[in-house]
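Next come the chains, spelled out residue by residue.
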Amino acid sequence: MKHLLSTKDLSRDEAVQILDLAEDMAQAGTREVKKLPALRGRTVVNLFFEDSTRTKISFEAAAKRLSADVINFTAKGSSVSKGESLKDTAQTLAAIGADGVVIRHHSSGAPRVLAQSGWIDAGVVNAGDGTHEHPTQGLLDAFTMRKRLHGDASRGRALDGVTVTIVGDILHSRVARSNVWLLETLGAEVTLVAPATLLPVGVDTWPVAVGYDLDAAVAAKPDVLMMLRIQSERMNAAFFPTAREYSRQWGFDDERLARLPAASLVMHPGPMNRGLEISSGAADSARSTIIEQVANGVSIRMAVLYLLLAGGAA
Amino acid sequence: MTTFHVKGATLPDGTRRDFFVENGVFVDSASNATVLDADGLQALPGLVDLHTHLREPGFEQSETVLTGSRAAASGGFTAVFAMANTSPVSDTAGVVEQVKALGDAHGYVTVRPIGAVTVGLEGQRLSEIGAMAQSRAQVRVFSDDGKCVSDALLMRRALEYVKTFGGVIAQHSQEPRLTEGAQMNEGALSGELGLAGWPAVAEEAIIARDVLLAQHVGARLHVCHVSTAGSVDVIRWAKARGIDVTAEVTPHHLLLTEQLASGYDSRFKVNPPLRRDDDVQALREALADGTIDIVATDHAPHPLEAKECAWDEAAFGMVGLESALSVVQAAVVDTGLLSFADVARVLSGAPARIGLLDGYGAPFTVGAPANFTLYDPAARSVFGVEHLHGKSVNSPYLGRELPGRVVATVHGGVATVLEGLLVEELARG
């Protein structure tokens, strides 16, 4: 694997391989000395055109645990904010000698443009592009589900028959897209729940079931309920009348939590709007995997960086 | 001015004969003529593009009247209508006269400026339509192309007012609110790629409104770059009701589909966007049955830096003058939908009639202006930058095999292309 741009590109074997490798990485993280020498002497650039503290530190931690040198390049306050193009930035990084580029960009497809451009010969990891994909988030979510459902017997397994309901702003969510493609590849059954305004046109062609009613989705007893963040800028663009109405219809509150089976997982990619799409009671419940997701994110990103930069199979 | 004896050309009606050119017009015979061997070549009347962006004044890094004229000639065109989204905008007599004068000075093609409908293309106030109509540029086509005249009242007034000067409004049909931030056709693929959708209804709703307005005020409407099957239905309905509407389709909407967006290669980013295969088929059929009257290129040059970036940061548009005839052949001639007589109609006679351009009513008849092109439909080649003669190379066809080759173009009796090569110094009399 040269780049990781989309979960849609991943075969089932590749996806399971990444999840298994992340298990190894997680295990190494339990040792006293967490650092592995795998990427010693390699340089990973975190190229962030969009603010994201969580994803950036997660990739930084992952690269450092593999002993890579990490350069953080953020657009704000850099030449990028003065109008430098993606091309010039990429050529600069190539000249510096980057082996891997972790890119977050506000434009859908920017990582693919970078990977195909010939401007730089580094492995490219998509860390979130516009409203397209966020593949490492999809992988860490799958990893989290597998770990909770199969525990120590996770290795080699996919998510066949697991029912996953994703709720919220599907239209603008790169997390939802990466999850939908990956979960389908891994054999899970996905249901999307949102107001019709926040579902993309053509969603009927996706490998999912679609519903508008969160209460019906909860009553269906999904194995996993994944809540998505509602961006504040959607509030004023007629996607729904008010935050209060959204929260009442599609917020996962304590009352809905009480109706969800005790074994069901509650997930959220963060950052959360507590009280809007998820209540504190739900976010902090024993069924919530939100903190595990963050921890697993480092393992997944280690696995991906290792596969891309240390070359080939684990 | 050269005298030509064109030998053995196949005319649009399928007959094969010699013809002669002297003093800029077709004649019965001529002596001491330069012989052009047209054995196996298709003769077509000089092509007329009702929709070209020449970019001058203001955007000379993309194209100039000279470079755009050369691109046009190399594609078999002898006349182009230059869109008004220049800087300053072509909304005054001064600007349109300048554009026309540049075209005349270079001589590769007849350049007819299009005037802006509204001042600065801003959709607020009518521009000085009468002054442009009465200027030396004799503007007859008015368009805010690139932007839609979205205000219904302003559109009504524009349709009425241009009647005064025998003009036509060429509308860029795009409901602006429905297409805020739009990047590509809205459908399953835009949802997957995470690119903001440009829904078909945003085009169809404006066309439906405009044909009803045109009917109400008894005015003539031209619809630019029709791109959807639904738009075809609306126009077909309007024509059946006797509404005075004409419509154009671009070569790229006849050949390419939205699938090309899936690699985020911004050469395929265009406005209106590439649509579904069903739309392409409907557009081809509409061109064949006359619902769509003409093919126009929407030649939209952009410098490299406007395309070497992420998709949503890239400019809309693709160059099309040099490839138009080949693409039309591939899309509708080789598929059996149009004959070369039809091609002559949709790429020359009809656009000239819509734009009120004289000299294209009776091609190849004695006394008519000698505007024609000789085309080899049997040639095939991989389209490359060497086929492009304007300033910009944002062609969606680079690397694609296309049929046909323009062998010669003659504009008003002056050869602009000979043996497939642009004539560098025009021998004008």
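Residues numbered from 1 in each chain as written. Chains lettered and ligands numbered in written order. Predicted model: local features only at pLDDT ≥ 70, side-chain atom pairs only at ≥ 80, totals over all residues. Heavy atoms only, no water.

1. As for the overall build of chain A
Here is step 1: Helices and strands together make up the secondary structure of chain A, namely 11 helices and nine strands.
Here is step 2: Taking 2.2 N^0.38 as the reference for a compact globule, 314 residues should give roughly 20 Å; the C-alpha atoms of chain A span a radius of gyration of 19 Å, in line with that estimate.
Here is step 3: Structurally, chain A occupies a C-alpha span of about 55 × 45 × 35 Å along its principal axes.
Here is step 4: The buried share of chain A, reckoned over its 314 residues, is 56%.
Here is step 5: Counted over contacts in chain A with a minimum sequence separation of 6, partners at least 24 positions apart contribute 75%.
Here is step 6: Carbon together with sulfur atoms contributes 50% to the accessible area of chain A, which is approximately 12400 Å² in total.
Here is step 7: Across chain A, the mean location of the 34 positive side-chain charges is 4 Å away from that of the 35 negative side-chain charges. (Helix = DSSP H or I, 4+ residues; strand = E, 2+ residues; numbered from the N terminus. Rg over C-alpha atoms; globule rule 2.2 N^0.38 Å. Buried < 20%, exposed > 50% of the residue type's maximum accessible area, 1.4 Å probe, protein only. Contact = heavy atoms within 4.5 Å. Areas by Shrake-Rupley, 256 points an atom, 1.4 Å probe, with all protein chains shown as cover. Lys, Arg positive; Asp, Glu negative; His and termini not counted. Charge placed at Lys NZ, Arg CZ, Asp CG, Glu CD.)

2. Observations regarding the packing of aromatic side chains
All names here are of chain B.
Here is step 1: Taken as a whole and assessed by the stated rule, the structure comprises 12 aromatic pairs over all chains.
Here is step 2: A centroid spacing of 5.3 Å and a plane angle of 50° characterise the contact between phenylalanine 26 and phenylalanine 364, whose relative ring orientation is tilted. Note that phenylalanine 26 is positioned in strand β3 (residues 25-27) and phenylalanine 364 in the loop between α11 (340-354) and β16 (372-382), a separation of 338 residues in sequence. Here phenylalanine 26 matches phenylalanine 364 in class, with each residue buried.
Here is step 3: Measuring from centroid to centroid gives 6.4 Å for phenylalanine 364 and phenylalanine 372, while their planes differ by 50°, and the two rings are tilted.
Here is step 4: Judged by relative accessible area, which is 0%, phenylalanine 372 ranks as buried.
Here is step 5: Each member of the aromatic cluster is reached from another via a ring pair, and the members are Phe19, Phe26, Phe364 and Phe372.
Here is step 6: Lysine 269 extends its terminal NZ or CZ atom over the ring of phenylalanine 316, reaching a point 4.5 Å from the ring centre. (Phe/Tyr/Trp six-rings, centres within 6.5 Å; stacked < 30°, edge-to-face > 60°. Lys NZ or Arg CZ within 6 Å of the ring centre and 35° of its normal.)

3. Description of the pairing of strand β5 (residues 42-45) of chain B
All names here are of chain B.
Here is step 1: Neither face of β5 is left uncovered, since the one carrying Gln42 and Leu44 and the one carrying Ala43 and Pro45 both have all their residues buried.
Here is step 2: Where β5 meets β16, four bridges bridge the pair, whose relative direction is antiparallel. Bridge pairing in β16 places alanine 43 opposite leucine 374. (Pairing = 2+ DSSP bridges.)

4. A closer look at the nonpolar core
Here is step 1: Membership of the largest hydrophobic core comes to 134 residues, with the highest contact counts inside it found for Phe19(B) and Leu374(B).
Here is step 2: If one sorts the elements of this core by residue count, helix α10 (residues 324-333) of chain B sits on top with seven residues.
Here is step 3: When residues no more than four places from it in sequence are discounted, the contact partners of Leu374(B) are Val6(B), Ala9(B), Phe19(B), Leu36(B), Ala38(B), Leu41(B), Gln42(B), Ala43(B), Arg405(B), Val406(B), Val407(B) and Ala408(B).
Here is step 4: In terms of nonpolar packing, the next biggest core, distinct from the first, is built from 83 residues, Val44(A), Met227(A), Leu260(A) and Ala283(A) among them. (Core = buried A, V, L, I, M, F, W, Y, C linked by side-chain atoms within 4.5 Å.)

5. A short note on the interface of chain B and chain A
Here is step 1: Every contact between the two is made by 17 residues of chain B and, on the other side, 21 residues of chain A.
Here is step 2: Each partner contributes to the roughly 1400 Å² buried at the junction of chain B and chain A, and carbon and sulfur atoms together form 53% of this total.
Here is step 3: Of all residues in chain B, Glu192(B), Tyr264(B) and Glu308(B) bury the most surface against chain A, accounting for 37% of the area lost on that side.
Here is step 4: Between the two partners, chain B and chain A, sit two salt bridges.
Here is step 5: We note a salt bridge from Lys8(A) to Glu192(B), for which the minimum N-O separation is 2.9 Å.
Here is step 6: Viewed at the interface, chain A and chain B are joined by seven residue pairs in polar contact (both at pLDDT 80 or more).
Here is step 7: Classifying every residue of the side of chain B that touches chain A by side-chain character gives seven nonpolar, five polar and five charged. (Buried area = accessible area lost by both parts, 1.4 Å probe. Salt bridge = Lys/Arg side-chain N within 4 Å of Asp/Glu carboxyl O. Polar contact = N/O pair within 3.5 Å; in protein donor to acceptor, adjacent residues only side chain to side chain. Nonpolar A, V, L, I, M, F, W, Y, C, P; charged D, E, K, R; others polar.)

6. Things to note about helix α2 (residues 53-65) of chain A
All names here are of chain A.
Here is step 1: Across its 13 residues, α2 extends 18 Å between first and last C-alpha, which sits within 8% of the 18 Å expected from 1.5 Å per residue.
Here is step 2: What α2 keeps buried is the set Thr55, Lys56, Ser58, Phe59, Glu60, Ala62 and Ala63.
Here is step 3: Residues of α2 that are buried in the fold lie against β1 (43-48), β2 (69-74), β3 (100-105), β4 (123-129), α5 (135-150) and α11 (290-309).
Here is step 4: Phi for serine 67, located one or two positions after α2, is positive at around 70°. (Expected span 1.5 Å × (residues − 1).)

7. Thoughts on the side chain of Thr289(A)
Residue and element names in this part refer to chain A.
Here is step 1: One can find threonine 289 in the loop between α10 (280-283) and α11.
Here is step 2: Note on threonine 289: relative accessible area 0%, which makes it buried.
Here is step 3: Not counting residues within four places of it along the chain, the set of residues in contact with threonine 289 comprises Thr144, Arg148, Leu265, Val266 and Met267.

8. Considerations on the sheet that holds strand β7 (residues 77-82) of chain B
Residues and elements named next belong to chain B.
Here is step 1: Strand order across the open sheet formed by three strands is β6-β7-β8, with parallel pairing between neighbours. A single partner strand is all that each edge strand has here, and the edge strands are β6 (47-52) and β8 (110-113). This sheet shows a mean twist of 20° between the axes of neighbouring strands, independent of strand direction.
Here is step 2: In this structure, β6 lies alongside β7, joined through four bridges in parallel fashion. (Axes fitted to C-alpha atoms, helices over the stretch in contact; angles between N-to-C directions.)

9. Examining the domain arrangement of chain A
Residues and elements named next belong to chain A.
Here is step 1: Partitioning chain A into domains gives domain 1 (7-134 + 294-309) and domain 2 (137-289).
Here is step 2: For domain 1 and domain 2, the distance between their C-alpha centres works out to 25 Å.
Here is step 3: Counting from both sides, the interface comprises 30 residues of domain 1 and, opposite them, 30 residues of domain 2.
Here is step 4: Where domain 1 touches domain 2, the interface holds six salt bridges. (Domains from an automatic or database assignment.)

10. Description of the packing of helix α4 (residues 152-163) of chain B against helix α6 (residues 200-217) of chain B
Residue and element names in this part refer to chain B.
Here is step 1: Their axes nearest at 10 Å, the elements α4 and α6 cross at an angle of 45°. Between α4 and α6, the interaxial angle falls into the category oblique. The two elements α4 and α6 meet at a crossing, and its hand is right-handed. Side by side, α4 and α6 meet where Ala152, Met155, Arg156, Leu159, Glu160 and Lys163 of the first sit next to Arg209, Asp210, Leu213, Ala214, His216 and Val217 of the second. (Parallel < 35°, antiparallel > 145°, perpendicular 65-115°, else oblique. Left-handed = near helix turned anticlockwise from the far one by under 90°.)

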